[in-house]
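This is what each chain is made of:
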Amino acid sequence: MADPQHKADPRPTPASERSADVIVVGAGPAGSTTAYHLARSGMDVLLLEKTAFPREKVCGDGLTPRATKQLVAMGIDISEEAGWLRNKGLRIIGGGQRLQLDWPELASYPDYGLVRKRDDFDEQLARQAEKAGARLYERCTAGDPIVDERTGHITGVHAKLGEEKTPVTFHAPIVVAADGNSTRLSLKMGLHRREDRPMGVAVRTYFTSPRHDDDYLESWLELWDRRGEQERLLPGYGWVFGMGDGTSNVGLGVLNTSSSFKELDWREILKAWCASMPAEWGYTPENMTGPIRGAALPMAFNRQPHYTRGLLLVGDAGGLVNPFNGEGIAYAMESGVIAAETIVQAHARATPAQRQLALRRYPKVLKDTYGGYYTMGRAFVKLIGNPKVMKLAAERGLSHPLLMRFTLKMLANLTDPTGGDAMDRIINGLAKVAPRA
């Protein structure tokens with residue numbers, strides 16, 4: 001359990017309190033999940049978070065059954081009484097049609113998703129990691145890595161602690177970068193973004209709305225810019241997620257594969273799209289409860305390698321966002337589990353060479369788990385980057401419910417790996433034969 005001074009007191013602490021088996025930089029879903037599973041395995045973990053909880057992050061706030069499974073595994077109370085809103089599936093709108101699909105019934109995942117605002121979602125995961133034994137330092141900004149000159153391996157981080165930004169150092173033989181898309185720690189270790197991998201942008205805001213208790217996530221496959229004399233179909237998709245608290249999260253996701261990606265003001269596009277909605281939904285400026293915010297969506301392993309010289313990348317730091325649907329939280333948490341399992345096994349090895357052999361397995365497991373699926377996702381991204389293709393797919397696809405159920409499984413990556421139905425076997429087979437780059 002973390003000492004209270006970790007949250008507020010910037011005074012220097014004994015060196016023993018600044019050393020651990022593992023340092024995790026960033027207490028978002030990836031970092032907190034990693035720290036939780038490490039601590040549950042008996043390892044001494046430092047979890048460094050640059051802000052103080054609760055804090056805001058840009059997100060659609062909608063969680064698929066993949067993310068729900070990870071929350072259950074962490075022992076999080078996901079009851080309605082604890083403030084979670086359950087959703088039954090996905091409502092898809094496009095091509096003049098509307099189709100409502102329930103989440104598939106699978107042995108591997110629950111048949112429901114969840115909705116919760118990020119301003120306290122992340123804190124719940126961080127507190128759960130604390131309860132498991134991780135030592136959480138809030139208002140702790142990690143800076144330069146500490147690198148062993150002989151080996152080139154990271155052995156800790158320099159940081160600034162508390163409101164007074166007191167310089168401190170933390171030491172550990174293994175460091176996990178869970179510091180998001182910007183991932184300064186990875187950059188300092190020479191790991192740069194791959195330009196051949198897709199990048200998305202999410203822009204969202206909140207409105208008070210009578211649609212706040214909708215129990216389906218809603219996705220709009222056609223995003224129209226109706227501000228000029230001639231309507232223009234834009235790349236990307238829109239969403240409407242009821243929050244259950246009197247508000248709706250309304251936003252859009254856009255891919256950098258489109259020619260208009262850099263030239264358009266996506267906040268203005270969001271305003272224009274909301275203005276085209278029925279007035280009774282309340283998506284008007286006077287009902288907006290907060291500013292429009294945007295964030296990058298690093299997709300399909302856009303930063304590699306995921307392990308090098310004592311540093312493991314999890315979540316957005318490693319570009320784990322699903323290119324099919326822009327989902328990041330599930331993959332952040334799952335990569336945290338994989339990283340924790342890898343580190344625990346490496347820690348038990350007798351020699352440095354054996355430990356390195358175990359740690360180098362981490363990127364291989366990631367590629368075995370997601371590589372083929374993400375390769376298919378990259379091809380999908382190139383297709384829908386053309387608005388005409390997206391429009392045609394919406395018009396033709398939504399009239400075939402069986403095809404759309406298959407598409408939902410593929411886009412949400414919801415299949416049983418063994419013993420599934422024919423759809424599962426097709427999707428899993430495609431992922432296995434696709435290159436794992």
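Relevant structure appears above.
Throughout, residues of each chain are indexed from 1 in the direction in which the sequence is written. At least 70 in pLDDT is required for a residue's local features to be given in this predicted model, at least 80 for side-chain atom pairs to be given and counted, and no such filter applies to totals for whole chains, interfaces and linings, which use all residues. Computation of side-chain values covers all heavy atoms of the structure but excludes hydrogens and water.

Quick look at the side chain of Arg55
Only DSSP runs of H or I reaching four residues or more are called helices, and only runs of E reaching two or more are called strands; each is numbered from the N terminus. Along the chain, the position of Arg55 falls in the loop between strand E2 (45-48) and strand E3 (62-63). Any N or O atom pair separated by 3.5 Å or less is treated as a polar contact, with the protein-specific requirement of one donor-capable and one acceptor-capable atom, and with residues adjacent in sequence counted only for side-chain atom pairs. Polar contacts involving the side chain of Arg55 include one to the side chain of Glu49, which spans 3.4 Å. In terms of polar contacts, Arg55 uses its side chain to reach the side chain of Thr51, at 3.3 Å. Between two residues, a contact is recorded if the distance between any of their heavy atoms is within 4.5 Å. In this view, Arg55 contacts Ala27, Gly28, Glu49, Arg118, Asp119 and Asp122; residues no more than four positions away in its chain are not counted.

Comments concerning the layout of surface pockets
With a 1 Å grid spanning the protein atoms alone, the term cavity applies to any set of points in which a 1.4 Å probe fits but cannot get out, the term pocket to an open set with protein on both sides within 12 Å along at least five of seven lines, and the term lining residue to any residue with an atom within 4 Å of a point. Grid points are joined across faces, edges and corners, and a volume is the space filled by probe spheres set on the points. Computed from the structure, the second largest pocket encloses a volume of approximately 430 Å³. Considering the residues around the second largest pocket, the lining is formed by 19 residues, among which Thr369, Asn413, Thr415, Pro417 and Asn428 are closest to the centre. Counting residues per element, the ones that place at least two in the lining of the second largest pocket are helix H3 (65-73), helix H9 (361-384) and helix H12 (422-433). The element contributing the most residues to the lining of the second largest pocket is H9, with seven residues. Gly falls in the polar group here, along with every residue not listed as nonpolar (Ala, Val, Leu, Ile, Met, Phe, Trp, Tyr, Cys, Pro) or charged (Asp, Glu, Lys, Arg). Its residues assigned to classes, the lining of the second largest pocket shows six nonpolar, seven polar and six charged.

A few points about the packing of helix H7 (residues 329-347) against H9
Contact geometry for H7 and H9: axes closest at 9 Å, N-to-C directions at 150 degrees. Here H7 is positioned roughly antiparallel relative to H9, judged by the angle of their axes. Considering the relative orientation of H7 and H9, their crossing is right-handed. Here Tyr331, Glu334, Ser335, Ile338, Ala339 and Thr342 of H7 lie close against H9, whose contacting residues are Tyr362, Val365, Leu366, Thr369, Tyr370, Tyr373 and Tyr374. Here the axes come from fitting lines to C-alpha atoms, over the contacting stretch only for helices, and the angles between their N-to-C directions go from 0 to 180 degrees. An angle counts as roughly parallel when it lies under 35 degrees, as roughly antiparallel when it exceeds 145, as roughly perpendicular when it falls between 65 and 115, and as oblique in every other case. Each crossing is labelled by how the near helix is turned from the far one, with a counterclockwise turn of less than a right angle marking it left-handed and a clockwise turn marking it right-handed.

Comments concerning the sheet that holds strand E4 (residues 85-87)
Taking strand neighbours across the sheet as the criterion, the three strands line up as E3-E7-E4 in an open arrangement whose pairing is antiparallel. Edge positions in the open sheet fall to E3 and E4, since each of these has one partner strand only. Strand pairing follows a simple DSSP-based rule, namely that at least 2 bridges must link the two strands. In this structure, E3 lies alongside strand E7 (residues 113-115), joined through two bridges in antiparallel fashion. What sits directly across from Leu63, in E7, is Leu114.

A closer look at the pattern of salt bridges
One side chain can pair with another of opposite charge once the charged atoms of both are near each other. Note on definitions: salt bridges are taken to be side-chain nitrogens of Lys or Arg within 4 Å of carboxyl oxygens of Asp or Glu. Under the criterion given, the structure shown has 28 salt bridges. Residues Lys57 and Asp122 are paired through a salt bridge, measuring 3.8 Å at the closest nitrogen-oxygen approach. Here Asp122 lies in helix H4 (residues 118-132) and Lys57 lies in the loop between E2 and E3, a separation of 65 residues in the sequence. Categorising residues by exposure relies on relative accessible area from a 1.4 Å probe, with only protein chains included: less than 20% of the type maximum marks a residue as buried, more than 50% marks it as exposed, and the intermediate range marks it as partly exposed. Overall, Lys57 belongs to the partly exposed group, its relative accessible area being 31%. Between Arg150 and Asp148 there is a salt bridge, and its shortest N-O distance comes to 3.0 Å. The class for Arg150 is exposed, based on a relative accessible area of 71%. It is possible to trace a salt-bridge network through shared partners that takes in Glu49, Arg55, Lys57, Arg118 and Asp122.

Some details on the packing of aromatic side chains
Under the pairing criterion, centres of Phe, Tyr and Trp rings, with the six-membered ring standing for Trp, must be within 6.5 Å; the plane angle then separates stacked pairs below 30 degrees from edge-to-face pairs above 60, leaving the rest tilted. The full count for this structure, using the stated rule, is 15 aromatic pairs. Between Trp281 and Tyr283, the aromatic rings sit 5.9 Å apart at their centres with planes inclined by 65 degrees, giving edge-to-face as the arrangement. The class for Tyr283 is buried, based on a relative accessible area of 3%. When the ring of Phe324 is compared with that of Tyr373, the centres are 4.9 Å apart and the planes differ by 45 degrees; the resulting orientation is tilted. Separated by 49 residues along the polypeptide, Phe324 in the loop between strand E21 (311-313) and H7 and Tyr373 in helix H9 bring together distant segments of the chain.

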